[in-house]
Amino acid sequence: MLLFFTLGLLIHFVFFASIFDIYFTSPLVHGMTPQFTPLPPPARRLVLFVADGLRADTLYELDENGTSRAPFIRNIIMHEGSWGISHTRVPTESRPGHVALIAGFYEDVSAVAKGWKENPVEFDSLFNESKYTWSWGSPDILPMFAKGASGDHVYTYSYDAKREDFGAQDATKLDTWVFDNVKDFFHHARNNQSLFSKINEEKIVFFLHLLGIDTNGHAHRPSSRDYKDNIKKVDDGVKEIVSMFNHFYGNDGKTTFIFTSDHGMTDWGSHGAGHPSETLTPLVTWGAGINYPQRVSAQQFDDSFLKEWRLENWKRLDVNQGILPVDYLNNTDLFKAESMFTNAVQILEQFKVKMTQKKEVTLPFLFTPFKLLSDSKQFNILRKARSYIKHRKFDEVVSLCKELIHLALKGLSYYHTYDRFFLGINVVIGFVGWISYASLLIIKSHSNLIKGVSKEVKKPSHLLPCSFVAIGILVAFFLLIQACPWTYYVYGLLPVPIWYAVLREFQVVQDLVTSLLTYPLSHFVGYLLVFTLGIEILVLSFFYRYMLTAGLTAFAVWPFLTRLWTRAKVTSLSWAFFSVLLAVFPLMPVVGRKPDISLVMGAGLLVLLLSLCVVTSLRKRKDSFRKEELLVHLLQVLSTVLSMYVVYSTQSSLLRKQGLPLMNQIISWATLGAYCNCQCILYSGKTWRRKGLGKNQFLRTSSLFVPLLSSPAVFQRLFSILLSLMSTYLLLSTGYEAVFPLVLSCLMFVWINIEQETLQQSGVCCKQKLTSIQFSYNTDITQFRQLYLDDIRRAFFLVFFLVTAFFGTGNIASINSFDLASVYCFLTVFSPFMMGALMMWKILIPFVLVMCAFEAVQLTTQLSSKSLFLIVLVISDIMALHFFFLVKDYGSWLDIGTSISHYVIVMSMTIFLVFLNGLAQLLTTKKLRLCGKPKSHFM
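Rules and cut-offs
Residues numbered from 1 in each chain as written. Predicted model: local features only at pLDDT ≥ 70, side-chain atom pairs only at ≥ 80, totals over all residues. Heavy atoms only, no water. Helix = DSSP H or I, 4+ residues; strand = E, 2+ residues; numbered from the N terminus. Buried < 20%, exposed > 50% of the residue type's maximum accessible area, 1.4 Å probe, protein only. Contact = heavy atoms within 4.5 Å. Areas by Shrake-Rupley, 256 points an atom, 1.4 Å probe, with all protein chains shown as cover. Pairing = 2+ DSSP bridges. Axes fitted to C-alpha atoms, helices over the stretch in contact; angles between N-to-C directions. Salt bridge = Lys/Arg side-chain N within 4 Å of Asp/Glu carboxyl O. Patch = residues over 30% accessible without salt bridge, like charges linked within 9 Å, V, L, I, M, F, W, Y side chains within 5 Å. Phe/Tyr/Trp six-rings, centres within 6.5 Å; stacked < 30°, edge-to-face > 60°. Parallel < 35°, antiparallel > 145°, perpendicular 65-115°, else oblique. Left-handed = near helix turned anticlockwise from the far one by under 90°. Nonpolar A, V, L, I, M, F, W, Y, C, P; charged D, E, K, R; others polar. Expected span 1.5 Å × (residues − 1). Core = buried A, V, L, I, M, F, W, Y, C linked by side-chain atoms within 4.5 Å. Domains from an automatic or database assignment. pLDDT = per-residue confidence, 0-100.

1. Focus: the overall build of the protein
When you go through the protein residue by residue, the secondary structure sums to 34 helices and 10 strands. The 939 residues of the protein split such that 53% are buried. Residue pairs at least 24 apart in sequence account for 77% of intrachain contacts in the protein once pairs closer than 6 positions are excluded. Of the roughly 42600 Å² that the protein leaves accessible, carbon and sulfur atoms contribute 62%.

2. What to know about the sheet that holds strand S2 (residues 82–87)
Taking strand neighbours across the sheet as the criterion, the eight strands line up as S4-S3-S5-S1-S6-S7-S2-S8 in an open arrangement whose pairing is mixed. The two strands at the open ends of the sheet, each matched to only one other strand, are strand S4 (154–158) and strand S8 (319–320). Pairing geometry for strand S3 (residues 132–137) and S4, over five bridges, is parallel. What sits directly across from serine 135, in S4, is threonine 156. Taken strand by strand, helix H3 (residues 71–79) contacts S2, strand S6 (255–260) and strand S7 (280–287), and its axis lies near 65 degrees from that of S7.

3. Quick notes on the pairing of S6
Among the six residues in S6, five count as buried, and that is most of the element. Across five bridges, the pairing between S6 and S7 is antiparallel. Counterpart to phenylalanine 259 in the pairing with S7 is valine 284.

4. Some words on the environment of leucine 348
As for its position among the elements, leucine 348 is in helix H13 (residues 333–360). The sequence separation of leucine 348 and leucine 407 amounts to 59 residues, and the corresponding C-alpha distance is 8.9 Å. Ignoring anything within four residues of it in the chain, the contact list for leucine 348 reads Leu373, Gln378, Leu382, Leu404 and Ala408.

5. A closer look at the pattern of salt bridges
For the structure on display, the rule yields 20 salt bridges. A salt bridge links lysine 131 to glutamate 201; its shortest N-O distance comes to 3.4 Å. Here glutamate 201 lies in the loop between helix H8 (193–198) and strand S5 (204–210) and lysine 131 lies in the loop between helix H5 (126–129) and S3, a separation of 70 residues in the sequence. For glutamate 201, a relative accessible area of 29% corresponds to the partly exposed category. Linking glutamate 240 and lysine 183 is a salt bridge whose minimum nitrogen-to-oxygen distance equals 2.4 Å. Taken as a pair, glutamate 240 in helix H10 (residues 225–248) and lysine 183 in helix H7 (residues 173–189) lie far apart in primary sequence, 57 residues in all. Put simply, Glu755, Asp790, Asp791, Arg793 and Arg794 are held in one network by salt bridges that share partners.

6. Observations regarding a nonpolar patch on the surface
On the surface, Leu540, Phe543, Tyr544, Tyr546, Leu587 and Leu886 cluster together into a nonpolar patch covering about 590 Å² of accessible area. Classification of leucine 540 as partly exposed rests on a relative accessible area of 34%.

7. Structural notes on the packing of aromatic side chains
Applying the stated criterion across every chain yields a total of 65 aromatic pairs. With a centroid separation of 4.9 Å and 75 degrees between ring planes, the pair formed by tyrosine 60 and tryptophan 83 is classed as edge-to-face. Of this pair, tyrosine 60 sits in helix H2 (residues 56–60) while tryptophan 83 sits in strand S2, and the two are 23 residues apart along the sequence. The pair tyrosine 60 / tryptophan 83 is uniform in exposure class, with both members buried.

8. Quick notes on the packing of helix H16 (residues 420–445) against helix H33 (residues 865–886)
Pairs of packed helices are described in terms of their axes, by the angle between the two and the distance that separates them. Contact pair H16 / H33: the axes reach a minimum separation of 10 Å and the direction vectors enclose 160 degrees. One element, H16, and the other, H33, form an angle in the roughly antiparallel class. Both H16 and H33 take part in a crossing whose hand is left-handed. Each of Gly424, Val427, Val428, Phe431, Val432, Trp434, Ile435, Ala438, Ser439, Leu441 and Ile442 in H16 lies in contact with H33, whose residues at this interface are Leu870, Ile871, Val874, Asp877, Ile878, Ala880, Leu881, Phe884 and Phe885. Taken together, the residues of the contact of H16 with H33 sort by class into 17 nonpolar, two polar and one charged.

9. Comments concerning H10
The end-to-end C-alpha distance of H10 is 34 Å, a good match for the 34 Å that 24 residues give at a rise of 1.5 Å each. Among all positions in H10, only Tyr227, Asn230, Ile231, Val234, Asp235, Gly237, Val238, Ile241, Val242, Met244, Phe245 and Phe248 are buried. One or two steps after H10, the chain reaches glycine 250, where phi turns positive at roughly 65 degrees.

10. Focus: the nonpolar core
Of all hydrophobic cores here, the largest spans 150 residues; its most connected members are Trp575, Trp751, Phe801 and Met879. Looking at which domains feed residues into this core, each of domain 3 (419–522) and domain 4 (531–677 + 697–863) supplies at least three. Each residue touching tryptophan 751, except ones within four places of it in the same chain, is listed here: Trp575, Arg794, Phe797, Leu798, Phe801, Phe854 and Val857. Ranked by size, the runner-up nonpolar core spans 54 residues in total, among them Leu54, Phe206, Tyr249 and Trp314.

11. Observations concerning the confidence of the model for the protein
Looking at the protein, pLDDT values average 84 and 86% of them are 70 or higher. Segment residues 674–701: pLDDT under 50, and 47 contacts once partners within four positions in sequence are set aside and those in other chains are kept. For residues 932–939, every residue scores under 50 in pLDDT, and the model assigns this stretch 20 contacts once sequence neighbours within four places are set aside.

12. A short note on the side chain of arginine 55
If you trace the backbone, arginine 55 turns up in the loop between strand S1 (45–51) and H2. The class for arginine 55 is buried, based on a relative accessible area of 8%. Those residues within four positions of arginine 55 in sequence are excluded, and the remaining contacts are Pro222, Tyr227, Gly264, Met265, Thr266, Asp267, Ser277, Leu280 and Pro282.

13. Describing unusual backbone geometry
Here the phi dihedral of asparagine 251 falls at roughly 50 degrees; this positive angle occurs in a residue that is not glycine. Residue placement: asparagine 251 occurs in the loop between H10 and S6.

14. Notes on the packing of H13 against helix H15 (residues 394–416)
H15 packs onto H13 with a crossing angle of 20 degrees between their chain directions and a minimal axis gap of 9 Å. Judged by the angle between their axes, H13 and H15 are roughly parallel. Judged by the sense of rotation from one axis to the other, the crossing of H13 with H15 is left-handed. Classifying every residue of the contact of H13 with H15 by side-chain character gives 19 nonpolar, four polar and four charged.

15. Regarding the side chain of serine 541
Here serine 541 shows up in helix H21 (residues 521–541). Discounting residues that sit within four places of it in the chain, serine 541 has contacts with Met547, Leu548, Val803 and Phe807.

16. Comments concerning the pairing of S5
Burial analysis of S5 places seven of its seven residues in the buried class, which makes it a mostly covered element. Sheet topology places S1 next to S5; seven bridges connect them, and they run parallel. Directly across from valine 50, in S5, lies its bridge partner histidine 209. The sheet contact formed by S3 and S5 spans five bridges and is parallel. The residue bridging tryptophan 136 from the neighbouring strand is leucine 208, located in S5.

17. Considerations on the environment of asparagine 426
Structurally, asparagine 426 is set in helix H16. Taking the C-alpha atoms as reference, asparagine 426 lies 9.6 Å from valine 490; in sequence the two are 64 residues apart.

18. As for the environment of methionine 601
Mapped onto the fold, methionine 601 is located in helix H25 (residues 597–619). Separated by 129 residues in sequence, methionine 601 and leucine 730 place their C-alpha atoms 8.4 Å apart. Setting aside chain neighbours within four positions, we find methionine 601 in contact with Met644, Val647 and Tyr648.

Right, here's the structure in full:
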C-alpha cells in the first residue's frame, strides 16, 4: 500500500505539472532578423516613469473638492500630450507588468517559481537595445533588465530591500529617494566629462521606478489618505524631474516622457488577478514625437470613466501591449506608416520562426499549417503595403498592417498551442485510468461487494503485457522522431502502465458487473445520481461560495431525515446548530473587508472561555487530567493570550506608523515554532541571537508539536491541537475569519459523535464511550472492517469539509483574495516567498483540523485509514478532471485565470491530502513527555 501511495503521489505531481506544460509555456521566439524603421526617430532620449500599483481611476479622478490630486499630470493631459488607459494582463504583478512595458511581451509564467525576480528565459528589451540606460528604484525590478542585457550599458541604482516595509512611517520616502538620486546624478554629470558625454548620446533611456504608491496601497488601501497623498508627492516629483530635464538639455525638444503603471490595485490593497481595478492603469505621454491634446465633442467607450473624471472633451487613447499605438505619434504620415509596417514585419518574423520550428519537428503528413496566413497571403499583404507607401496611401498602409498583425498574432497563438490537444488527451486518458484503478482497488481489497461472487482463477496471459510493451514502444518512437521534449514522453507513456494495471483487474470488473446486476436498478441509479449531485455541488462551490451554504444546510437537515433524531437528539441538534453556524461564513464578504481586530480579540476570548469549560469538565473526572497535562494546557492558554496581545499591539503600532515592534515579531515566530531550532532571527538587518535547541527541545517548544505532550484521549488530543493552532491562526487573522476554526472544530467534534451513532444504528459495531477511546499508532488490524455504502458518505463529508476549510474563510480562486495584512505580526518588509508561506500555513490550519477529526472518525468507526482515504482520492480526482475540462484560454483574463486556479487548487488539495494525512497521524498518535526521554504509544 505504501508503494501504491508513493506512485499515486508521483502520478498526481505529473497531472499537476501538466497544466503548466499545456497552458503556461514560454511565448518567446528567438532567431528573428532585426527590423528597423528607415526614418530617423523624433526623440534622442526617453524618460519612463512607472508608478507601481497606481490605479487609473485614482489618478484621473477629481477629489472631493473638485481638484486633481495630480495637477501636473492633468495639465499635461489638457495642454501638452496624449492620454488613455493601458490594459494590463493577468497576472497583475510587478515583474510581468514591467516586462510587458519594457520588453514588449507577456511574461513567461515560469518566472513565478523565482519570485518574479530572476529571468527564467532570456529575452530582449528596450533597455538592451538602447545605447545607454540608467534606472533608479526597487531592487526587485531593476536587476532583471540589467542581468538580461548584452553588455554593460544598463546601469541600476536601487535602495536597500529593507526599505520596502509595509509598516514604515512614510513609504513615500521610496519615491523621494528616486527623485533625489536622479537630481544628484545629473548634478554629478555636469562635473564628469565621461558621464556628460554619455547622457548626451542618442538612443538613451532613463527609467524611474516609483514603489511608494504600491507600498502604501498594500499597507493602508487605495482609498486611504496615505495612498492619495503619495500620488500628489509623485506628481510633484515628476514635475521637478521634467523641469530638470528640460533645463539640462536646453529645451531641445528631443525628450519623450511616458508616465504609466505596471498594474493597479483592488480596494482591499492587493493585486495579481484580473479585476478592472488591477488591469486598468494610466498612460500619459508628452514630448518629442507625441501628439498634442485633441479636443472632441463625444467619445464612445463601454465605461463611464470619462464623465466621472471630467475628461470627456479630451480624446482618450486606450492601448494594449504588442501593437504600436500610432494615434499617440506626432509625426508625418510617412513616419507612421513606416513604423506600423516595421511593427507588422517584426511580428510576422516571429510567426515565420514559430511555424518553421513546429514544422521541423512534426511529421509532414501530420503538420497542419495556419491557413489564414499562408505564404502567398503574406507576400501579397507586404507587397500591397509597400505599394501603398510608394503611392502615399498612408491610411491604407496602417489599416493593412493592423490586419497583418492581427493574423500573425493569431498564427503565433495557433503554433504556440499546437500540441495542446495531444497533451490534453494523454492527461485525460491517464486521469481516467488512475481513477478506474483506484476504484477497482477499493472494490477488490476493501469491500465485500464481490466477495460472494464465485469465480475461477485464470492463468494470466502473456498477450496483455506484450501488447502494452508494444504500445509503449510505438508511443516512444512516435515522440522520438518528432524530437519532442522529455515531458511529452512522461505524458504520452504514463497512461500505458496505468491502463495495464486496470486491465489486469479485468476479472474484478466482471465480478463487479455480476454483483451490481443483483441490485435493483432503481437503487443503483438513485445512488449514482446522489453521488453525481454531490460531486457537482463541490465543483459549483468553487464558482459560487453560497453552494457551500446550501450543502451545510442540507447537512443540518440530514439527521432529522434518518433515525438518528430518535436515537441521539442532543447530538443531532448540536450537528444542526454548528452546521448552520458554519454555513454563515461562505456568505460573508470574500475580500475587501477592513481589518477588524475586535473580531480577532473576540475569537481569542471564545477560545479562553472554551478552555476554561474544558478544564473544569476534565478536572471533575478522577485520573483523567494529570498535572503534566494541566501544565501543557495552561501553556497553550498563555500562548493564546500572548497572541491576542501581539495582534492588538501590532495593529496599534502600525496605525501609529511606528512599524512592527521587535518583541512582537519574536513572540509571533516563537509561537509559530518555525524558528525554534534556528540560531537567529533576522529583523531589519539586525540579528537576535538565542541559544540553539536540541531536537527534543524543539518538539517541546514548537506550537505545532505541543499537542504531542497532551493525553492521547480523542477529545483531549483534538482540543490540544485546536489550542495550539488557534494561537498561530489569531496572529494571521485580520477579521471574522479568526472565528472560523473554532466553529469548524466544534462541528468536527460533533461529527465524530454522530458517526458513532450512525455506525451503531447500522448494527456494524457497538458504541464506545468517546472518553474511553484513545489514539494509538499500533491499532489492531483485526478490528478494521470492510467498507460499506455509508462510508462513501463519510468520505464525501471529508472532501466537503476540506473545500469549506478553504473557501469558508473568505478565500477565492484568485491571487488577490489573500490580504498581506495577515502576516504583519511576523514581518512587514516585502518578501514574497516568506509571506506566501505564512499565508499558505494560514490556509492549511483549517485543513489540519479537519484531517485530525477525520483520523478520529476512522478510529471510532473501526475503519482502515487507507480504505477511506482511497475513496477521498477518487472523489478529489473526479473533481480535478472536471476542472481540467473547464480550463480555458479565451474570454476575459479574470475567467482564464480563475479556471486555471480552480484546477491548481483541487490538484494541490489532492497532493496535500497525502502529507496532511501523515501530519494528522503524527499529531494524534505520537506522545511526548515534558521530562525524560520522549515516549510514544508505539515505541
